[in-house]
Amino acid sequence: MKPFPLDKVYQLIEPGPVVLLTTFDGKPNVMTMSWHMMMEFTPPRIGCIVSSADHSFTALSKTGECVIAIPAADMAEKVVAIGNCSGRDTDKFVEIGLTALPAEEVSAPLIGECFANLECKITDRDFVERHNLFVLDVVKAWHDPKQVASKTLHHKGYGTFAVDGEEITLASKMP
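What you see is a predicted model, and the numbers here were worked out from it, not measured in a lab.

*Asks:* What should I look at first to understand the environment of D54 in this one?
*Replies:* Residue placement: D54 occurs in the loop between β4 (45–49) and α1 (55–63). Residue classification places D54 among the partly exposed residues on the basis of a relative accessible area of 29%. Along the primary structure D54 and S34 are separated by 20 residues, whereas in three dimensions their C-alpha atoms are 14 Å apart. Each residue touching D54, except ones within four places of it in the same chain, is listed here: M31 and R88.

*Asks:* How do you make sense of the pattern of salt bridges when you look at a structure like this?
*Replies:* Close approach of charged atoms allows side chains with opposite charge to pair. Taken as a whole, this structure holds three salt bridges when the rule is applied. In this structure, the salt-bridge partner of D25 is K62, at a minimum N-O distance of 3.2 Å. Of this pair, D25 sits in the loop between β1 (19–24) and β2 (28–33) while K62 sits in helix α1; the two residues are 37 residues apart in sequence, bridging distant segments of the chain. For D25, a relative accessible area of 32% corresponds to the partly exposed category.

*Asks:* Is there a simple way to think about the pairing of strand β8 (residues 116–124) in this case?
*Replies:* Along any regular strand the residues' side chains alternate between the sheet's two faces. Sheet topology note: the strand β5 (residues 65–70)/β8 ladder contains six bridges and is antiparallel. From the neighbouring strand, C66 faces β8, where its bridge partner is C120. In this structure, β8 lies alongside strand β9 (residues 133–143), joined through eight bridges in antiparallel fashion. By the bridge assignment for β9, D124 is matched with V135.

*Asks:* Is there a simple way to think about the packing of aromatic side chains in this case?
*Replies:* Any two aromatic rings considered together are summarised by their centre-to-centre distance and by the angle between their planes. Evaluated as defined, the whole model comprises one aromatic pair. Centre to centre, the rings of F57 and F134 are 5.5 Å apart; their planes meet at 65°, and the pair counts as edge-to-face. Of this pair, F57 sits in helix α1 while F134 sits in strand β9, and the two are 77 residues apart along the sequence. The exposure class of F134 is buried, given its relative accessible area of 0%.

What counts, and where the lines are drawn
Residues numbered from 1 in each chain as written. Predicted model: local features only at pLDDT ≥ 70, side-chain atom pairs only at ≥ 80, totals over all residues. Heavy atoms only, no water. Helix = DSSP H or I, 4+ residues; strand = E, 2+ residues; numbered from the N terminus. Buried < 20%, exposed > 50% of the residue type's maximum accessible area, 1.4 Å probe, protein only. Contact = heavy atoms within 4.5 Å. Salt bridge = Lys/Arg side-chain N within 4 Å of Asp/Glu carboxyl O. Pairing = 2+ DSSP bridges. Phe/Tyr/Trp six-rings, centres within 6.5 Å; stacked < 30°, edge-to-face > 60°.

See the structure below:
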């Protein structure tokens, strides 16, 4: 073993697929996000980090709701384009060519091109001030039945992504 740079540790342990977080505060906005984690099975609870410097932080804090949209790997260029501009001065839905669809439980839009969309509401703000960590409950979930076995992107840092690989199934004693 050799020492590994601490500022690169996140590249080793990214928690899951890159997702898109939409908000609505007078107008729809979307950001790319890779720092999130499942926290509970039922109700589905997700923790996510949104930088206080991001335009989405203000909208999420104010409205208490968002959509987490899960893009397939074939959306990689759009995912990166979303992350490379700010909703403060760009209508990302128009500029990048995304279809905003109405959600049922929140005002933030679903993204039509994504294979899954999760409508979420903030249930815990205790860690927002210290860590920018929002705890969200999924209140409605959607999937596109036309997009079967979609591969997802996983951020590895500085514009590098991995795409899901082969799946394996092993015996489990969990229900």
